[in-house]
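Okay, here's what each chain looks like letter by letter:
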Amino acid sequence: MPYKLLFVCLGNICRSPSAENITNYLIEKRNWGDRVICDSAGTSDYHIGRPPDPRMAIAAKEILDIDLLGKARQFDPADFEKFDLILAMDRENYDDILSLDRPGKYLDKVRLMCSFCRRYDIKDVPDPYYGGPQGFNRVIDILTDACEGLLDELEQEQKV
Ligand code: 4NP
C-alpha cells in the first residue's frame, strides 16, 4: 500500500499544489515508483476547480523546471481517514483543519510542513498571494527543503 500524503493550504492554488508537484518530482528522482502518493486541498472554497496560480507555475518552472498540475478542491473531513499524513502550510491552516476534528482523533496525522525543513528555521510557509515574484520563488525553495526532509524522514522511519 502506498503511503498517502495530503498537502493543505488556504486556496489550493499556490502553496499546496506546489508541495504536491515538488513531492512528485522528488519521488520520480528517487525512483520510488508508487511508494508514496500525494494530493492537495484548500481549507477554503475560494478557488474550487481552478488550476494553480500562474505566478506560482512560473516560479516552479523557472526554479525546478516542473509543471504544476491539478485543480483546486476543498479539504473534506473524509480526508482524515483517506490519508496517512496531512501537511498544513501554516498555523492557520493547521487550526482550520483540526477545527474539523473536535475529538482530536486525527491529531497525530496533522503536521506543520515547515517542521520538516532543514535549511529554514520557520514555522509557516508564507502566503505569497498578495506579494511579488520573490515571494513565489521563496515558497518553491522552502517547499523543496521541506519536501526533501519529509521524504527522508518517511524513509528513515520505514514508512515507505
Ligand atoms: P494558497 O494561496 O493558500 O497558497 O493557495 C492563496 C490563494 C488564494 C488566496 C489566499 C492565499 N485568496 O485570498 O484568495
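Please refer to the structure higher up on the page.
So, here's what we can say about the structure. (Residues numbered from 1 in each chain as written. Predicted model: local features only at pLDDT ≥ 70, side-chain atom pairs only at ≥ 80, totals over all residues. Heavy atoms only, no water.)

**Some thoughts on the packing of helix α2 (residues 54-64) against helix α5 (residues 133-156)**
Reasoning step 1: Where α2 meets α5, the closest approach of the two axes is 9 Å, and the angle between their N-to-C directions is 60°. With respect to each other, α2 and α5 are oriented oblique. Where α2 crosses over α5, the two elements pack in a sense that is right-handed. Each of Arg55, Met56, Ala59, Ala60, Ile63 and Leu64 in α2 lies in contact with α5, whose residues at this interface are Phe136, Asn137, Val139, Ile140 and Thr144.
Reasoning step 2: For the contact of α2 with α5, the class distribution of residues is eight nonpolar, two polar and one charged. (Axes fitted to C-alpha atoms, helices over the stretch in contact; angles between N-to-C directions. Helix = DSSP H or I, 4+ residues; strand = E, 2+ residues; numbered from the N terminus. Parallel < 35°, antiparallel > 145°, perpendicular 65-115°, else oblique. Left-handed = near helix turned anticlockwise from the far one by under 90°. Contact = heavy atoms within 4.5 Å. Nonpolar A, V, L, I, M, F, W, Y, C, P; charged D, E, K, R; others polar.)

**What to know about the sheet that holds strand β3 (residues 85-88)**
Reasoning step 1: Read from one edge to the other, the open sheet built from four strands follows the order β2-β1-β3-β4, with strand pairing classed as parallel. Each edge of the open sheet is held by one strand with a lone partner, namely β2 (36-42) and β4 (110-112). Taken pair by pair, the neighbouring strands of this sheet meet at an average axis angle of 25°, ignoring direction.
Reasoning step 2: Of the strand pairs in this sheet, strand β1 (residues 3-9) and β3 are connected by four bridges, and their pairing is parallel. (Pairing = 2+ DSSP bridges.)

Interpretation in functional terms is not warranted from these geometric data alone.
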